[in-house]
Amino acid sequence: MTDISFAWSALGGDPGLVQRITTVEREGALTARLPVRDLARACVGACALAAAELAARRAALAEVPAVRVDDGALATAFVSERHLLIDGRAPVTFAPLSRFWRTADGWVRTHANYPHHRARLLSALGLLPSGEGHGGNGDRDGNGDRDRDGNGGGDQDALVAAVASALAERSALDVEEAVYAAGGLAVALRTPEEWAAHPQHAELAARPLVERGRLGTARARVLPSLTGTPLLPAAGVRVLDLTRVIAGPVATRTLALLGADVLRVDPPHLPELADQHADTGFGKRSAALDLATDRAAFEELLAGADVVVTGYRPGALGRFGLSPEALAERRPGLVVAELSAWGAYGPWARRRGFDSLVQVATGIAAAEGGDGQPGALPAQALDHGTGYLLAAAVLRALTEQSHDGGGRFVRLALARTAAWLTEAAPGAARGPERDQGAPYDSPAPWLDETDSRIGRLRHARSPLAFTDGPTTWPRPPGPWGTDAPHWS
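Our subject in this report is the structure included herewith. Throughout, residues of each chain are indexed from 1 in the direction in which the sequence is written. pLDDT decides what is reported in this predicted model: residues at 70 or higher carry local features, side-chain atom pairs at 80 or more are listed and counted, and totals for whole chains, interfaces and linings draw on all residues regardless. Water and hydrogen atoms were dropped before computing side-chain values, which therefore reflect all heavy atoms in the structure.

**Let's talk about unusual backbone geometry**
Put simply, the rule reads: Under the DSSP-based scheme used, a helix requires at least four consecutive residues in state H or I and a strand at least two consecutive residues in state E, with every element numbered from the N terminus. Burial classes: relative accessible area under 20% of the type maximum marks a residue as buried, over 50% as exposed, and values in between as partly exposed (1.4 Å probe, protein chains only).
Across the junction of T229 and P230, the peptide omega takes the value 0°, indicating a cis bond. You can see P230 is positioned in the loop between β7 (211–215) and β8 (238–242). Non-glycine residue L30 carries a positive phi angle of around 50°. Summarising the element assignment, L30 is placed in the loop between β1 (21–25) and α2 (36–59). In this structure, D87 is a non-glycine residue whose phi angle is positive, near 50°. In this fold, D87 is placed in the loop between β3 (85–86) and β4 (100–102). The exposure class assigned to D87 is exposed, which follows from its relative accessible area of 56%.

So this is what it looks like as structure tokens:
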């Protein structure tokens, strides 16, 4: 079940602490055929409880602070990218070539928001000369779906028509394999039964929702005691953020809310999408650093880090000597948190992926569709849910370290979260204590406005709430890649 107790157990938490959670239920929040609201409650509830637990440990409290999970806050935060306004301007959403397409035998969904992914899609379909526009680092494993498309007007309409015509003549599985071979992103629509028979599903089903393990026995850095309020359980924790798009940045945005010093590092030749960075950059600093040429600067950052969060495809960091084991060898006592789309094992482990594509492959789009049309969840819930679980796993690792030291690794995958959602029974995820709130008919109570260097921002509040915990981020997002690659 998408149950808070199940999520908390997957994180290795004390089952008795779930009694500290109260759920505020609101009809109309994250309505779907699948139990998306339950998933959101479980992920955010477990994350808030992990934060409260660490706060109690560091502040020497007699009991863990009470946690409150409000459906209205969940429904607003899980579509935070849709609520963002920058000086009154709504961000650009999906690019024209990121969508469902009919094929000769079904449906396929493409992802072409980033310019290099768009070029590879067109090349695979014979609509772009081979090799043109293929630049960029393809190793990051993105988990979201936003960008501008550089073309517009009649030219763009003609291109969409050309892609539709090319795809209509081919089978969905043929398109999936051809685009993948070209380095692009396209996934054939599968039913839940078809995905259940896929070897990648078998690999995922054999793994826990949250993979956890030790990385050596070296003592972790001792964090100072907490005093006063708000309680910031991650205060003093240095987080090196090597993630992009939504799930990973949601995790590190959450750690920043809780007091961590989060430094996001991206390759200078692969800028993040400005609107996307504005949504997930709260509380963080952002630096541009090439791991291939600026290695000394990276090693200096690693030496001072307590946590490294990665969003690269499994194995992609190995050639840089940046696997969890290698990182922990050079920085004993480190917590390494890994995020991927399809998981670290199986035939699809090396494939790129995004929330929208995982929904299509795992049967979610088929389950949410109707009348022969594929559908989608009301939010990129795999991204957001996995992001909060990833932050929770880091917080629990820090709590465990405070007892017995040692490095830790945690590992999550969007497709594993999808399996949890599709196999769940609705109506299961709620705290032991329940309050009935007013129906969710507007996000307004859970929106804020903040001035920043990139403009006046209207944005969603964090859904994390525990007694004496923080209510907002210490800093708004700034322009991407403009901070120095040093710890503050």
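Having seen the model, we can carry on.
**What about the pairing of strand β11 (residues 307–310)?**
On any regular strand, side chains alternate: one points to one face of the sheet, the next to the other face. So the rule is basically this: Pairing between two strands requires that DSSP report at least two bridges joining them. Viewed with both strands pointing away, a crossover whose connecting path from the first strand over the helix to the second turns clockwise is right-handed.
Side chains of β11 alternate between two faces, with V307 and V309 and V308 and T310 buried alike. With four bridges joining them, β8 and β11 adopt parallel strand pairing. Counterpart to D241 in the pairing with β11 is V309. Direction of pairing for β11 relative to strand β12 (residues 335–340): parallel, over a ladder of four bridges. Residue V309 lies in a different strand from β12, and its bridge partner there is A337. For the handedness criterion, the β-α-β arrangement of β11, helix α13 (residues 324–330) and β12 is classed as right-handed.

**Focus: the nonpolar core**
For the record, the criterion: To define a nonpolar core, start from buried Ala, Val, Leu, Ile, Met, Phe, Trp, Tyr and Cys residues and group those joined through side-chain atoms within 4.5 Å.
One finds W342 and Y388 to be the most contacted residues of the largest nonpolar core, which totals 110 residues. The greatest single-element share of this core, amounting to 17 residues, is contributed by α2. L291, V308, L322 and A328 belong to the second largest nonpolar core, which has 23 residues in total.

**Regarding the packing of aromatic side chains**
So the rule is basically this: Any Phe, Tyr or Trp ring, taking Trp's six-membered ring, that has another such ring centre within 6.5 Å forms a pair; planes under 30 degrees apart are called stacked, those over 60 apart edge-to-face, and the others tilted.
A full pass over the atoms with the stated rule returns eight aromatic pairs. With a centroid separation of 5.8 Å and 35° between ring planes, the pair formed by F6 and W420 is classed as tilted. Taken as a pair, F6 in helix α1 (residues 4–10) and W420 in helix α17 (residues 414–422) lie far apart in primary sequence, 414 residues in all. Relative to W348, the ring of W342 lies with its centre 4.8 Å away and its plane at 85°, an arrangement referred to as edge-to-face. A residue is classified by how much of its surface remains accessible, and W342, at 1% relative accessible area, is buried. The class for W348 is buried, based on a relative accessible area of 5%. Here the aromatic residues W195, W342 and W348 are joined through ring pairs into a cluster of three or more.

**A word on the pairing of strand β9 (residues 261–266)**
For β9, a buried count of six out of six residues is recorded, marking the element as mostly surrounded by other parts of the structure. Of the two faces of β9, the one lined by D261, L263 and V265 and the one lined by V262, R264 and D266 are each fully buried. Alignment of β8 against β9, held across four bridges, turns out to be parallel. If you follow L240 over to β9, its bridge partner there is L263. In this fold, the crossover linking β9 to strand β10 (residues 284–288) by way of helix α11 (residues 274–280) has right-handed handedness.

**As for the sheet that holds strand β16 (residues 455–460)**
Consider a sheet: its strands pair through backbone hydrogen bonds, and that pairing is either parallel or antiparallel. The sheet built from three strands is open, its strands ordered β3-β16-β15 with antiparallel pairing. Edge positions in the open sheet fall to β3 and β15 (447–452), since each of these has one partner strand only. The pairing of β15 with β16 spans six bridges and is classified as antiparallel. Pairing of L447 across the sheet is with A460, part of β16.

In short, the description is geometric, and any link to function would need to be established separately.
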